[in-house]
Amino acid sequence: MTPDDLRKYLEYYRDLGMKELYRRGHGPGARSRGEETRFAHNISEAPSEASVLPPTPGTQPLAPEGESLLEVLQDIGDCHRCRLCEGRNKIVFGAGNEHSPLVFVGEGPGADEDAQGIPFVGRAGQLLTQMIENTAKKEGIDLRREDVYICNVVKCRPPGNRTPEPDEMEICGQFLFRQLMAIKPKAICALGGTAARALTGRKEGVTKLRGKWLRWRDIPVMVTYHPSYLLRPYNQNAKREAWEDLKRILHFVYD
Ligand code: SF4
């Protein structure tokens, strides 16, 4: 790689909001693979807040030329870049229409997803499918779950379904961002606080962020509740709000 290639590479990741890059198979969480090998650091001090600002003229293109979802998947490979590799069965990359104008982003795989390698297939996933398909039907929009794209911030199941740690989100988030750049959706629906934080840098809870349009780069982001939160019986009000959020995003994307 020439110095010019390296500079462009680092600029590309800086534009994604990455502060640190790790060589494949290494990283702060890849303890079982030996000593951490950092080949670039502090490439940007850009605040994550920048990701929620409206687009500015001259913003870098959304995708590196020609990168497809398949290439992102191939780059993940048998990933050991963070500690979440230690307990996983399958990497859960994403599923659905790779040309979808709408992408749903959750937090990370649960037990069912880890076993099958497909996102949102457990109880929460079934609720998400119902939410998408029933809301679309009610609103006169012809849409099935397989028409949208669904993925998570981290691709491996956190032990005990814990929330991903910030370093895990940062390392694996590069794949989420590259997926989004390859798909270039018209809008993104962030399911829950972890996805909202990863995409917008905002630290407020979902109740504060939901129902408003935020941004990841120049793509509108609607934050709503994670379906697993809606499964709890005492969250009826949240369920109604999630349906409202979904209606707004479906009309924005498909009208
Ligand atoms: S969570 Fe992401 S970065 Fe960590 S091991 Fe899995 S695929 Fe790699």
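Keep in mind it's a predicted model, so treat the numbers as computed, not measured.

About the cut-offs
- Residues numbered from 1 in each chain as written.
- Predicted model: local features only at pLDDT ≥ 70, side-chain atom pairs only at ≥ 80, totals over all residues.
- Heavy atoms only, no water.
- Helix = DSSP H or I, 4+ residues; strand = E, 2+ residues; numbered from the N terminus.
- Buried < 20%, exposed > 50% of the residue type's maximum accessible area, 1.4 Å probe, protein only.
- Contact = heavy atoms within 4.5 Å.
- Areas by Shrake-Rupley, 256 points an atom, 1.4 Å probe, with all protein chains shown as cover.
- Pairing = 2+ DSSP bridges.
- Polar contact = N/O pair within 3.5 Å; in protein donor to acceptor, adjacent residues only side chain to side chain.
- Salt bridge = Lys/Arg side-chain N within 4 Å of Asp/Glu carboxyl O.
- Phe/Tyr/Trp six-rings, centres within 6.5 Å; stacked < 30°, edge-to-face > 60°.
- Lys NZ or Arg CZ within 6 Å of the ring centre and 35° of its normal.
- Near = heavy atom within 4 Å.
- Nonpolar A, V, L, I, M, F, W, Y, C, P; charged D, E, K, R; others polar.
- Core = buried A, V, L, I, M, F, W, Y, C linked by side-chain atoms within 4.5 Å.

(A) Just the overall build of the protein, in detail. Counting secondary structure elements, the protein contains 9 helices and 8 strands. The buried share of the protein, taken over its 255 residues, is 48%. Residue pairs at least 24 apart in sequence account for 72% of intrachain contacts in the protein once pairs closer than 6 positions are excluded. Carbon and sulfur atoms form 49% of the exposed surface of the protein, whose accessible area is close to 12500 Å².

(B) Fine view of the pairing of strand S6 (residues 187-191). With 5 of its 5 residues buried, S6 lies for the most part within the structure. Residues of S6 alternate between two faces, with Ala 187, Cys 189 and Leu 191 on one and Ile 188 and Ala 190 on the opposite face, all of them buried. With 4 bridges joining them, strand S4 (residues 102-106) and S6 adopt parallel strand pairing. Paired with Leu 102 across the strands is Ala 187, a residue of S6. Of the strand pairs in this sheet, S6 and strand S8 (residues 219-224) are connected by 4 bridges, and their pairing is parallel. If you follow Ile 188 over to S8, its bridge partner there is Val 221.

(C) Expanded view of unusual backbone geometry. With a phi angle near 55°, Phe 120 is a residue other than glycine that sits in the positive phi range. Among the secondary structure elements, Phe 120 is positioned in the loop between helix H3 (111-116) and helix H4 (123-138). Take Phe 120: its relative accessible area is 5%, and that puts it in the buried class.

(D) Spotlight on the sheet that holds S4. Taken together, the 6 strands give an open sheet; going across it, the order is S3-S5-S4-S6-S8-S7, and neighbouring strands pair in mixed fashion. This sheet does not close on itself; its edge strands, each paired only once, are strand S3 (95-96) and strand S7 (213-216). By the bridge criterion, 2 bridges tie S3 to strand S5 (residues 149-152) in an arrangement that is antiparallel. When the sheet's bridge partners are listed, Ala 95 is paired in S5 with Ile 150.

(E) Main features of the side chain of Thr 224. Mapped onto the elements, Thr 224 comes out in strand S8. What makes Thr 224 buried here is its relative accessible area of 1%. Side chain to side chain, Thr 224 and Asp 245 meet in a polar contact 2.6 Å long.

(F) Up close: the pattern of salt bridges. Under the definition given, this model contains 12 salt bridges. In this structure, Arg 202 engages Glu 204 in a salt bridge whose closest nitrogen and oxygen atoms are separated by 3.0 Å. For Glu 204, a relative accessible area of 31% corresponds to the partly exposed category. Each member of the salt-bridge network shares a partner with another, and the members are Glu 67, Asp 75, Arg 81 and Arg 178.

(G) Summary view of the packing of aromatic side chains. Inspection of every chain in the model, using the stated rule, returns 3 aromatic pairs. Ring centres of Trp 213 and Phe 252 lie 4.8 Å apart, and the angle between their planes is 50°; this geometry places the pair in the tilted category. Placement of the pair is Trp 213 in strand S7 and Phe 252 in helix H9 (residues 236-254), with a sequence separation of 39 residues. One residue, Lys 186, lies across the ring of Phe 252, its end atom 5.1 Å from the ring centre.

(H) View of the site of the ligand. Taken together, the residues surrounding the ligand are Cys 79, Arg 81, Cys 82, Leu 84, Cys 85, Arg 88, Lys 155, Cys 156, Ile 171 and Cys 172. Considered class by class, the residues forming the shell around the ligand number 7 nonpolar, no polar and 3 charged.

(I) Representation of the nonpolar core in the model. Formed by 61 residues in total, the largest nonpolar core has its most connected members in Phe 104, Val 105, Leu 199 and Trp 216. Here this core gets 9 residues from one element, more than from any other, and that element is helix H5 (residues 166-183).

(J) Up close: the environment of Lys 138. Tracing the backbone shows Lys 138 in helix H4. Note on Lys 138: relative accessible area 72%, which makes it exposed. For the pair Lys 138 and Lys 247, spaced 109 residues apart in the sequence, the C-alpha separation amounts to 9.3 Å.

None of the figures reported here should be taken as evidence of function without further support.
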